[in-house]
Amino acid sequence: MKGSALHETIGQTGRLLAPRLKGQTSSWPEALKAVADGIRQAVQEHGSDSVAFYLSGQLLTEDYYVANKLAKGFIGTPNVDTNSRLCMSSAVAAHKRAFGEDCVPGCYEDFELADLLVLAGSNAAWAHPVLFQRMEASRRPGRRVVVIDPRRTATAEMADLHLQLKPGTDTVLFNGLLVWLADREAIEGDFIDAHCSDYAETLDCARLAAPSVASVANQCDLESADVETFFRWFAETPRTVTGFSQGINQSVAGTDKANAIINCHLATGRVGRPGATPFSLTGQPNAMGGREVGGLANTLASHLDYDTPGARQLLTRFWGAHAIPDRPGLKAVDLFEAVHSGQIKVIWIMGTNPAVSLPDSSRVREALAKCPLVIVSDCMAETDTTAFADILLPAAGWGEKNGTVTNSERCLSRQRAFLPLPGQVRPDWWIISAVARELGYGTAFDYDGPDDIFREYARLSGRALGCGPGRRRFDLSALANLSRQEYDALSPVQWPLPGKDMSDTSGTARLFGDGVFATPDGRARMVPVTTILPAQQASEARPLVVNAGRIRDQWHTMTRTALSPRLLAHRPEPFIEVHPDDARACGVRDGELGRLSGPGDHGYVGRIRSTDEVRAGEVFVPIHWNSCFASQALATNLMAGVSDPVSGQPEGKHGTASLAPFNMRWQARLMRRKDQLWPGEGLAACDYWSRQPLAHSHSWWLAGRQPLNWARWAKEWLGGDPNLLLEDPAEGRFRAARVVAGRLEAVLLVDPVTGALPELDWLDQCFAESELSQEQRQCLLAGRAVDTEDTGRLICTCFQVGEKQVEAAISNGERSIDALGQSLQCGTNCGSCIPELRRMLDRHGSETMANDPTRSASLA
Ligand SMILES: Nc1nc2c(c(=O)[nH]1)N[C@H]1C(S)=C(S)[C@@H](COP(=O)(O)OP(=O)(O)OC[C@H]3O[C@@H](n4cnc5c(=O)[nH]c(N)nc54)[C@H](O)[C@@H]3O)O[C@H]1N2
Ligand SMILES: Nc1nc2c(c(=O)[nH]1)N[C@H]1C(S)=C(S)[C@@H](COP(=O)(O)OP(=O)(O)OC[C@H]3O[C@@H](n4cnc5c(=O)[nH]c(N)nc54)[C@H](O)[C@@H]3O)O[C@H]1N2
Ligand SMILES: [Mo]
């Protein structure tokens, strides 16, 4: 999947190759001076707090560390936050409340060892495909999987029990579980007595919120029998792992949800033991590294907090810093609010696309438009955020960077560059250090490579252990003396490293299994939690709850993955998943366009997918499309900027909207040669567009309410007068193509909404021909392919296997995933299509069973 198509996303297409000042290409010295002047001026006139940094889990640990050192240690602003706020901060806050430190107690092997695997708010089949394959490979008699998700996801399809709960009610479920465990003496009293605090209060609170199975079932909108089954399995299975991800974190009550889960694990002593632990699943490559270096506004480097005794003094001394701020900074949503209000004058954004990914994205755009100085470091020239940049700095991307990252299981590993730096591109640590030197902080940023930064950071982690009470675990000091060669050769290792030096790199797979936590008294805290329901509740005006998340083949805001044609084929357009009952009630039809209207005037237009995979009353939209790829498909426009009061993580999974048909009179497909850059001028004439890059062309879906003057628009969109033309106004059909020196340059195919547009692959292939044949020209106008096999909807991205091919193979007798893999190769690489293949096999199985009188009779 994403891995195998990676090479298609790392070409030079769309890369930012040189610094730009106000849209003009500039040299590095000019750009660095402009950044430094802007920062210096803001600090002088408005104080350090008027400068903000907004960082990202796409950065490497070394980049992240120097960014924090510069901002907090030298510029002296606490206003540094990261997109991990939108991703992990509830898990961070829950870990700190329960364990005293932000540590994931388990390791990936625990997902295999568990006899009961609970996945809460995680669509691991699509979002963590490699780990999911390990989970799948561990299927064995007696092992059970429970998935807790309001949607029937590919992950839920593989579960023994799917609890399709009402969104936002996870706390009720886990409070109910705690009560059940206590009432049946399924708790581990000795462990609680010796190692936990606040059990009694926590249980009392849970009992008030979720007194019985019936009450839980009622509040969560589940069957009592299913709730009871889950509780019983949890009670009787010592080796239980609960993996949780964004369905838990991204909520106004995300921290409470996570603590409700951890409470049940503490009460049963199932923390950091083989196959028994809560486990927060992270997302971005280096979300964890960012947490370690203090990328979050409320933390300092090396797992220190602003209020950790001795922490600020240590950092001031260790860095030779000017002034470490004395209080935490603004968290993402508030940070952009402060940009909006004018309190922040300079914002430097690195490796993230907040104009798309923050809630209430229209307001974020307003803020960026108003901000006196917006600096953006990115690999790509054109994103929704770079559009607002006064200064653009070209950063190295994956494959070009050297440094380290940490994953969900605390495993630190080297990322090695295997590509040269194109153009004027520089690694982020270099850019930040160069700005620091320009600001006059040269001695503290005199690094000659990431290894230099890493040694400093590892040394700091050892010193930081001396701060504050409690035995904190984050420690890389055994790696503080690595030579460059040793650093380059470093094998993956899980912190903390117990040894005093590199010779022992065995690392630590699990934490807290001994019952000693990182709190001052060493005891874990159970946290009483009540249920806070999302602030946005469905109403008459906006009767549907909007859930948003990932799809299999796209990464975040698509700035890279959309470059790979193969990856867009699985879901080529923005879409809205809606329950058939709601589709009927709203008058929208499968395959047609619909519009979701959120608060304010904001809308989301996408192709309707009518499916009972979502609950009635709820719709699901993907988070990936943005203004570079579609006219109106920003999921974050449907989300209010409300956050969890403890973690500051915004509610990214719960908005409200109404749904209506987006009535169109015509639809069209426009395709242009891939090598011609075209900013999509004139597309505003359409009421709907979305872009899909293909192998040899760029393609746009277009649609509109009013017929356009096709001759005029064809000339504009095709980049000149067409020389192949066919008009059939009576049928509402128009076809035009531009062929230059025999080669196809661009084509426009307009149809009435009912007509089917021609097959895409065939059209794309026409762009590859050096000379279009007569037959191809005719077919272009007819909008029909010559003799091509339609392989159907794409199932396996790695090997380009379509639905019809899989169906044919199944009909020919291939009855297992392995057999399909042998004949078609599908599912044999990344495996993220295996759930879909299995579904097709199951469907075939139940159809033949239903059609086979002997089978159904014998079953009856
Ligand atoms: N293909 C792909 N993979 C990715 C990414 C990507 O962009 N594309 N991004 C990576 C990143 S950064 C992250 S953070 C991870 C995220 O990985 P996941 O968290 O697994 O992915 P999501 O789709 O955001 O959300 C997971 C599920 O939460 C459910 N959910 C919504 N509301 C609730 C609720 O109230 N309760 C419960 N229990 N569940 C709810 C949604 O229906 C959804 O299926 O994925 C990583 N992997
Ligand atoms: N409603 C809703 N909103 C969400 C979510 C959701 O589920 N629902 N998910 C949230 C989550 S979990 C996340 S992680 C965020 C993700 O949201 P973003 O962080 O905004 O998304 P990305 O597309 O990953 O943006 C990364 C940018 O960094 C650039 N980049 C990549 N590598 C580098 C590098 O090394 N250096 C620099 N300088 N730039 C680089 C890329 O080109 C791209 O423009 O979205 C969040 N927003
Ligand atoms: Mo994330």
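Quick caveat, the model's predicted, so the values are computed rather than measured.

J.: So what exactly am I meant to see when it comes to the confidence of the model for the chain here?
T.: Keep in mind that low pLDDT regions are not for reading the predicted coordinates in detail. Looking at the chain, the pLDDT average stands at 90 and 93% of residues meet or exceed 70. Long-range and interchain partners of residues 1-10, a stretch whose pLDDT sits below 50, account for 34 contacts in this model, where long-range means more than four residues apart. Scored below 50 in pLDDT, residues 852-860 shows 4 contacts in the model against residues more than four places distant or in partner chains.

J.: I would appreciate a short explanation of the pattern of salt bridges in the present structure.
T.: Oppositely charged side chains can pair when the atoms bearing their charge come close. Summed over all chains, the structure comprises 43 salt bridges. Between E618 and R615 there is a salt bridge; the shortest N-O distance is 2.9 Å. For the pair formed by E618 and R615, the shared burial category is buried. In this structure, D751 engages R735 in a salt bridge whose closest nitrogen and oxygen atoms are separated by 3.4 Å. Of this pair, D751 sits in strand β31 (residues 743-752) while R735 sits in strand β30 (residues 733-740), placing them 16 residues apart in sequence. The exposure class of R735 is buried, given its relative accessible area of 4%. Within this structure, R152, E157, D612, E613 and R839 form a network of salt bridges that share partners.

J.: Could you clarify how one ought to interpret the site of ligand 1 in this entry?
T.: Of all residues adjacent to ligand 1, which total 32 residues, the nearest are D149, D170, S245, R550 and Q554. Interatomic distance of 2.9 Å between a backbone N/O atom of I551 and a nitrogen atom of ligand 1. Between a nitrogen atom of ligand 1 and a main-chain N or O atom of R552, the distance comes to 3.0 Å. Broken down by secondary-structure element, the contributors of at least two residues to the shell around ligand 1 are α6 (124-127), α14 (246-249) and β20 (544-549). Each residue belonging to the shell around ligand 1 can be placed in one class, and the counts come to 8 nonpolar, 16 polar and 8 charged.

J.: What's the story with the nonpolar core in this structure? I'm lost.
T.: Within the largest apolar cluster, 131 residues are counted, with the highest numbers of intra-cluster contacts made by F53, L70, L173, F230 and W348. Each residue touching F53, except ones within four places of it in the same chain, is listed here: A67, L70, A71, I75, N79, V80, D81, L335, W348 and M350.

J.: Got a minute to help me understand the sheet that holds strand β3 (residues 51-55) in this structure?
T.: What links the strands of a sheet is backbone hydrogen bonding, and the strands pair in either a parallel or an antiparallel sense. Taken in spatial order, the 7 strands make up an open sheet running β2-β1-β15-β14-β13-β3-β4, and their pairing is mixed. With one partner strand each, in any of the chains shown, β2 (24-25) and β4 (80-82) form the two edges of the open sheet. Taken together, the 2 bridges between strand β1 (residues 20-21) and β2 define a ladder with antiparallel strand orientation. Paired with L21 across the bridge in β2 is Q24. Sheet strands in contact with helix α3 (residues 61-75) are β3, β4 and β13 (346-350), and its direction is about 165 degrees off that of β3. This element, helix α21 (residues 428-438), spans β13, β14 (373-378) and β15 (391-394) of the sheet and lies at about 155 degrees to β13.

J.: Quick question: what am I supposed to make of the pairing of β15 here?
T.: Residues in a regular strand point their side chains to alternate faces of the sheet. Side chains I391 and L393 of β15 all project onto a buried face; the interleaved residues L392 and P394 project onto the opposite face, where all are buried too. Here β1 runs beside β15; their pairing, made up of 2 bridges, is antiparallel. Each bridged residue has a counterpart across the sheet, and for L21 the counterpart in β15 is I391. Of the pairings in the sheet, the one linking β14 to β15 comprises 4 bridges and is parallel in character.

J.: Can you help me understand helix α4 (residues 89-99) in this one?
T.: An α-helical turn contains 3.6 residues, so any two residues separated by three or four positions project in the same direction. Most of α4 sits inside the fold, with 9 of its 11 residues counted as buried. Listed as buried for α4 are S89, S90, A91, V92, A93, A94, H95, A98 and F99. In this fold, the buried residues of α4 make contact with β9 (240-244), α14, α15 (254-267), β10 (277-280), α16 (287-292) and β19 (524-525). Just downstream of α4 lies G100, where phi reads positive at about 90 degrees.

About the cut-offs
- Along each chain, residue indices are assigned from 1 in the same order as the chain's sequence is written.
- Each chain gets a letter, beginning with A, and each ligand a number, beginning with 1, in the order they are written.
- Per-residue local features of the predicted model are confined to residues with pLDDT of at least 70, and side-chain atom pairs are confined, for both listing and counting, to 80 or more; whole-chain, interface and lining totals are unaffected and use all residues.
- To get the side-chain values, take all heavy atoms of the structure and skip hydrogens and water.
- A residue's pLDDT is the predictor's confidence in that residue, given on a scale from 0 to 100.
- Residues are treated as being in contact if the distance between any of their heavy atoms lies within 4.5 Å.
- Whenever a carboxyl oxygen of Asp or Glu lies within 4 Å of a side-chain nitrogen of Lys or Arg, that contact is scored as a salt bridge.
- Residue exposure (1.4 Å probe, protein chains only): buried if accessible area is under 20% of the type maximum, exposed if over 50%, otherwise partly exposed.
- For the purposes of this entry, the term helix denotes a DSSP run of H or I that reaches at least four residues, the term strand denotes a run of E that reaches at least two, and both are numbered from the N terminus.
- For this purpose, a residue is taken to be near a molecule or strand whenever a single non-hydrogen atom of the residue falls within 4 Å of it.
- Between N or O atoms, a polar contact is any pair within 3.5 Å; within protein, one atom must be a potential hydrogen donor and the other a potential acceptor, and residues adjacent in sequence are included only when both atoms are from side chains.
- Basically, the charged four are Asp, Glu, Lys and Arg, the nonpolar ten are Ala, Val, Leu, Ile, Met, Phe, Trp, Tyr, Cys and Pro, and anything else, Gly included, counts as polar.
- Joining through side-chain atoms within 4.5 Å is the link that ties buried Ala, Val, Leu, Ile, Met, Phe, Trp, Tyr and Cys residues into a set, and such a set is a nonpolar core.
- Two strands form a pair only when DSSP identifies at least two bridges running between them.
- Between N-to-C directions, angles cover 0 to 180 degrees, with each direction set by a line fitted to C-alpha atoms, over the stretch in contact for helices.

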